[in-house]
Amino acid sequence: QVQLVESGGGLVQAGGSLRLSCAASGSIAGINAMGWYRQTPGKQRELVANIASGGTTNYANSVKGRFTISRDNGKNTVYLQMNSLKPEDTAVYYCKVVRAPLNYWGQGTQVTVSS
């Protein structure tokens, strides 16, 4: 089992920044990709960004140039630096970790961007 603890969400004005963190613990050997997803009421959870164990990153078009994903393998932590936030970024953000053959999800952290 892998346990994930997220932090860093909150309320911010449009144009502001937030940094999300997700720390993994437990059976962490063999963790591959780590990433962030988000979900708003009535919509499917969508990929925001992910990062492979070797550092290759992938971003949703809507956040390219504004968000940066990174990971510290020594701390088993993945980060999401969110800059130039927009009201449409408002969502619950979930951390996801892949440890084949299973996916593990964090509990979610609310990000609210006011206009």
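Going by the structure above, here's the rest.
The residue numbers shown here count from 1 along each chain, following its written sequence. Side-chain atom pairs in this predicted model are given and counted only at pLDDT of 80 or more, local residue features only at pLDDT of at least 70, and totals for whole chains, interfaces and linings cover all residues. The side-chain numbers reported here are obtained from all heavy atoms of the structure, hydrogens and water having been left aside.

(A) Focus on the overall build of the chain. Scanning the chain for helices and strands turns up zero helices and eleven strands. Sequence-ordered secondary structure for the chain, helices as α and strands as β, is β-β-β-β-β-β-β-β-β-β-β. Just to be clear, the radius of gyration here is over C-alpha atoms, and the globule rule we use is 2.2 Å times residues to the power 0.38. On C-alpha atoms alone, the chain measures out to a radius of gyration of 13 Å, which is about the 13 Å that the 2.2 N^0.38 rule sets for 115 residues. Referenced to the eigenvectors of the C-alpha coordinate spread, the extents of the chain come out at roughly 40 × 25 × 20 Å. Burial classification: accessible surface area is computed with a 1.4 Å probe over protein chains only, and a residue below 20% of its type maximum counts as buried, one above 50% as exposed, and the rest as partly exposed. The buried share among the 115 residues of the chain stands at 39%. Contacts are residue-level and defined by heavy atoms, with any inter-residue pair within 4.5 Å sufficient. Summarising the internal contacts of the chain: among those between residues at least 6 apart in sequence, 52% fall at separations of at least 24. For the purposes of this entry, the term helix denotes a DSSP run of H or I that reaches at least four residues, the term strand denotes a run of E that reaches at least two, and both are numbered from the N terminus.

(B) Representation of the state of the cysteines. The disulfide definition used here is simple: a pair of cysteine sulfur atoms within 2.5 Å. Under the criterion given, the structure shown has one disulfide. There is a disulfide in this structure between Cys-22 and Cys-95, and the S-S distance comes to 2.1 Å. Between Cys-22 and Cys-95 the sulfur-sulfur dihedral comes to about -75°; the bridge is accordingly left-handed. Of the two residues, Cys-22 is situated in strand β3 (residues 18-26) and Cys-95 in strand β9 (residues 91-99); the sequence distance between them amounts to 73 residues.

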